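# Inside the fold
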Amino acid sequence: MVNSKKPPTWSDVKAALKDFDRADLLGLIEDLYAARKDNQTFMHTRFGLGSDALKPYKTIIDRWLWPDVFSNQSYSVANAQKPLADYQRVVGDPEGLAELMIFYCRHAVGFSTEVGVADQEYFDALVRMFEQALTTVMTLPEAKREHFLVELGEIRATGRNLGWGVGSGFNDAWALIGQKFGE
């Protein structure tokens, strides 16, 4: 075992694994899998296991953007954005990422419309996510964009009356990608 004042790095881990055989590696992965639900989600997503690889990410976004206010739960933009970063790091699939971003925007608009939110940072984050979703969608092949653009158009139409600069932010982002403003 290395005893150093520096924290271990990936190189240190690789060096420690050099003598592992297949059974040792499978045992280690099994232990990691059993240790945390996040590890299970990571492996399921990485290997494309399960019927809906996005469901665990959507569940987290849903919890933090549409909390149960009757149970005194609060919303958290940072906690809602974490699954997006995790998904991008683990999988990096632009189509899945676009779907998660749109899910985020739909939930943020829905919650603030239904419950009412008075938080400039919340709305600034929503506009940034809308912009990022549009940017991500525009990187997809043209044949895959339409469905996402329709959803984003609906979100733009619903969110334009929220105030706090959301409507103008959505419209600015919409115009930047060359979309028309038909209702």
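Everything discussed here concerns the structure shown above.
Below, the structure is looked at part by part. All values derive from a computational prediction rather than experimental measurement. (Residues numbered from 1 in each chain as written. Predicted model: local features only at pLDDT ≥ 70, side-chain atom pairs only at ≥ 80, totals over all residues. Heavy atoms only, no water.)

## Observations regarding the environment of S112
What counts here: Each helix corresponds to a stretch of at least 4 residues labelled H or I by DSSP, and each strand to a stretch of at least 2 residues labelled E; elements are numbered beginning at the N terminus. Throughout, a residue-residue contact means that at least one pair of heavy atoms, one from each residue, lies within 4.5 Å.
Position of S112 relative to the elements: it lies in helix α6 (residues 94-114). Note: C-alpha distance between S112 and V137 (25 residues apart in sequence) is 24 Å. Beyond its immediate stretch of four places on either side in the chain, S112 contacts V117, Y122, F123 and L162.

## Focus: the nonpolar core
Where we set the bar: Working definition of a nonpolar core: buried Ala, Val, Leu, Ile, Met, Phe, Trp, Tyr and Cys residues. They are joined through side-chain atoms within 4.5 Å. Burial status follows relative accessibility: with a 1.4 Å probe on protein chains alone, a residue under 20% of its type maximum counts as buried, one over 50% as exposed, and anything between as partly exposed.
Membership of the largest hydrophobic core comes to 41 residues, with the highest contact counts inside it found for Y104, L126, F130 and L152. Only α4 (55-65), α5 (77-90), α6, α7 (120-139), α8 (142-159) and α9 (166-176) provide two or more residues apiece to this core. The element contributing the most residues to this core is α6, with eleven residues. Discounting residues that sit within four places of it in the chain, L152 has contacts with I102, F130, A133, L134, V137 and W174.

## What to know about the environment of L152
Here L152 lies in helix α8. Under the relative-accessibility criterion, L152 is labelled buried at 0%. Considered as a pair, L152 and F111 are 41 residues apart in the sequence and their alpha carbons are 16 Å apart.

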